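# Working through the structure, step by step
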Amino acid sequence: MGVYMRKFAVIGLGRFGRKLAVSLAANEAEVIAIDQNRDIVEQISDEVAQAVRLDSTDENALRSQGVHKVDIAIVGIGQSGRGFESSILTVVNLKAMGVPVVYARAETLIQGQVLEKIGATEVIYPEIESAQRWAGKLITPQILDKIDLSPGYSLASIISPPSFHERTVLDLQLRHNYGVNLVSIKRGE
């Protein structure tokens, strides 16, 4: 019995969509990559299971390529020109076809609110998220990696300050002094 491979459709292969499609495929996901630009589709065709040139605002075109059978669709269409309108129509089509999970890229919070109202499962803000992540890295460089679990709770990998060196965990009293629970310690490289 093989492992079930989730099927993804990545629609809009600009900087964000292309990198996402290639990363998903590199992690052994089955990816249908879709864009209206023939050159972009040809460039990615060797890196994903299926690369297709089509108009994602056309529900029949999406169905003809099996997009209605994917587990997750990501609408990464750029927002300039008529891009936002295309994103809206694509999300509506995906939901109408019964795609269970639809992520949609937005550049502004207002665009994101619209995409959520028409049925996007979740909105991705690549520029905003990247800027916030970089601000955190620049302000607190001792935090190597951080995952926000819920409001007020995060899991973080940090470089211990020199004042912690040569001291025991009991001596540091991390929970009492810093409100931190220690999960593990990694020594050396």
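The following paragraphs examine the structure supplied in this document.

Conventions we followed
Residues numbered from 1 in each chain as written. Predicted model: local features only at pLDDT ≥ 70, side-chain atom pairs only at ≥ 80, totals over all residues. Heavy atoms only, no water. Phe/Tyr/Trp six-rings, centres within 6.5 Å; stacked < 30°, edge-to-face > 60°. Lys NZ or Arg CZ within 6 Å of the ring centre and 35° of its normal. 1 Å grid on protein atoms, 1.4 Å probe; cavity = no way out; pocket = protein on both sides within 12 Å on 5 of 7 lines; lining within 4 Å. Points joined across faces, edges and corners; volume = space filled by probe spheres on them. Helix = DSSP H or I, 4+ residues; strand = E, 2+ residues; numbered from the N terminus. Nonpolar A, V, L, I, M, F, W, Y, C, P; charged D, E, K, R; others polar. Pairing = 2+ DSSP bridges. Axes fitted to C-alpha atoms, helices over the stretch in contact; angles between N-to-C directions. Parallel < 35°, antiparallel > 145°, perpendicular 65-115°, else oblique. Left-handed = near helix turned anticlockwise from the far one by under 90°. Contact = heavy atoms within 4.5 Å.

What follows covers the packing of aromatic side chains. For the structure shown, the criterion picks out 1 aromatic pair. Taking the ring centre of Trp134 as reference, the NZ or CZ of Lys137 above it sits at 4.6 Å.

In this approach the atoms are scanned with a rolling probe the size of a water molecule, which exposes any empty space left behind. The computed volume of the largest pocket comes to approximately 1,400 Å³. What lines the largest pocket is a set of 34 residues, and nearest its centre among them are Ala156, Ser157, Ile158, Leu182 and Ser184. Elements with a contribution of two residues or more to the lining of the largest pocket: strand S7 (143-150), strand S8 (153-158), helix H7 (169-172) and helix H8 (174-178). Tallying contributions element by element places S8 first for the lining of the largest pocket, with 6 residues. Its residues assigned to classes, the lining of the largest pocket shows 17 nonpolar, 10 polar and 7 charged. Approximately 380 Å³ is the volume found for the second largest pocket. Lining the second largest pocket are 22 residues, with Gly12, Asp35, Gly76, Ile77 and Gly78 sitting closest to its centre. Listing elements by their share of the lining of the second largest pocket, those giving two or more residues are helix H1 (15-26), strand S2 (30-35) and helix H4 (83-96). Ranked by residues supplied to the lining of the second largest pocket, first place goes to H1 with 3 residues. In terms of residue class, the lining of the second largest pocket is made up of 7 nonpolar, 10 polar and 5 charged.

This brings us to the environment of Ile139. Within the fold, Ile139 resides in helix H6 (residues 126-139). Residues Ile139 and Lys19, 120 residues apart in the sequence, show an inter-C-alpha distance of 27 Å.

The strand order across the open sheet formed by 6 strands is S3-S2-S1-S4-S5-S6, and the pairing between neighbours is parallel. The strands lining the two open edges of the sheet, one partner per strand, are strand S3 (50-53) and strand S6 (122-124). Averaged over all adjacent pairs, the angle separating strand axes in this sheet is 20°, with direction ignored. Note: strand S1 (residues 7-11) against S2, 5 bridges, orientation parallel. Across the sheet, the residue bridging to Phe8 is Val31, located in S2.

Below, the discussion takes up the packing of H4 against helix H5 (residues 109-117). In helix packing, the relevant descriptors are the interaxial angle and the interaxial distance, both defined with respect to the helix axes. With their axes 10 Å apart at the nearest point, H4 and H5 run at an angle of 20° to one another. Comparing their axes, H5 and H4 come out roughly parallel. With respect to the hand of their crossing, H4 and H5 are arranged in right-handed fashion. Contacts between H4 and H5 involve Phe84, Ser87, Ile88 and Val91 from the former and Gln111, Val114 and Leu115 from the latter. Across the contact of H4 with H5, the residue classes break down as 5 nonpolar, 2 polar and no charged.

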